[in-house]
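Architecture and fold: a report
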Amino acid sequence: MKKLKLIVSLLMIAALLVMAVSCDDEGDPATETVDPSGESNGTVTDDSKTPNEAETSNPASEGNVPSNDAKTIVGKWDCNWDMSGLFNMMFSMMDETMGEYVHIEKLDFPMHFTFGEDGTYTVVSDRDTIKESMSGMVEDLVDGLNQYFEHVIGENEMNMTVEDLLAVSGFNSMDEYLDAMMSGFEDTAEAYETSGKWTIEDGKLCILEEEDGVEMKSVYTYELTGNQLKLLDVTVDGEGMEGMEDMLGALMEGMFPMILIRAE
């Protein structure tokens, strides 16, 4: 469920952005917080099979190779995923004007994938590179958020500064606001490790994750050419996401394509 935690961290960032700029009927900033995550945990279900039946009949879980593509995918892969598109899409989703002011140029999120012949897989993030990359992202955010907040103040004819706007939301400075906005994401991103089972079903790459007894199935469309595995999009199957489908769907669009290169 680490993938879902990462996305929920992004939604928490979005909540803080909303909290800082939301206004009540008189035009004063409101202080009500937003809980965007809802009930994000649940048991993955399959309409045609129970979890036990699905595991029993899963070729990958039995250590079988279900297709020629699976034989090629077995092994180690590296992915230097640029997450800037995901963040920029989130900013535009919150407010189209925010997307004009707040823009991240680049956010490298290197990951190392291992697809085992026995149908198991692991993904581990490159923590040092992620930490360095996030430092550059914060610089982009400071400039963009200051400009955006100034725009909000002017548009709503507020007699206050950016510092005043943040103070109403409970933050003493832009640094404190950014720390609150990014801390959960940083912790999740830098410690991103996940594992589970994989297989090829109906020409798609299926990933099954489980944590604390909760399962989530991600189904990827892909292109496999030589030493490159390109993930084009994903469908996530799981309970507990009711009401989040549109938000998650739009965020997912910002994730792709993800290009994996076979490790030497």
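To start, this report covers the structure provided alongside it. None of these values were measured; they are calculated from a predicted model.

1. A look at the environment of glutamate 176
- Mapping glutamate 176 onto the fold places it in helix H8 (residues 174–190).
- Overall, the relative accessible area of 32% leaves glutamate 176 in the partly exposed class.
- Between the alpha carbons of glutamate 176 and leucine 166 there is a distance of 9.4 Å; along the sequence they are 10 residues apart.
- In contact with glutamate 176, other than residues within four places in its own chain, are Gly170 and Phe171.

2. Description of the sheet that holds strand S1 (residues 75–82)
- An order of S1-S2-S3-S4-S5-S6-S7-S8 is seen for the 8 strands of this closed barrel, with the pairing classed as antiparallel. Strand-to-strand twist of the sheet, defined as the mean angle between neighbouring strand axes without regard to direction, takes the value 30°.
- Sheet topology note: the S1/strand S8 (residues 258–262) ladder contains 2 bridges and is antiparallel. Across the sheet, the residue bridging to tryptophan 77 is arginine 262, located in S8.

3. A word on the pairing of strand S6 (residues 214–225)
- Alignment of strand S5 (residues 204–211) against S6, held across 7 bridges, turns out to be antiparallel. Among the inter-strand pairings, leucine 208 is bridged to a residue of S6, identified as lysine 217.
- Taking the residues between adjacent antiparallel strands as the criterion, S5 and S6 are bridged by 2 residues, where aspartate 212 takes a positive phi near 55°.
- Of the pairings in the sheet, the one linking S6 to strand S7 (residues 228–237) comprises 9 bridges and is antiparallel in character. Paired with tyrosine 222 across the bridge in S7 is leucine 231.
- Here S6 hands over to S7 after 2 residues, with glycine 226 in that stretch at a positive phi of 60°.

Rules behind the numbers
- Residues numbered from 1 in each chain as written.
- Predicted model: local features only at pLDDT ≥ 70, side-chain atom pairs only at ≥ 80, totals over all residues.
- Heavy atoms only, no water.
- Helix = DSSP H or I, 4+ residues; strand = E, 2+ residues; numbered from the N terminus.
- Buried < 20%, exposed > 50% of the residue type's maximum accessible area, 1.4 Å probe, protein only.
- Contact = heavy atoms within 4.5 Å.
- Pairing = 2+ DSSP bridges.
- Axes fitted to C-alpha atoms, helices over the stretch in contact; angles between N-to-C directions.

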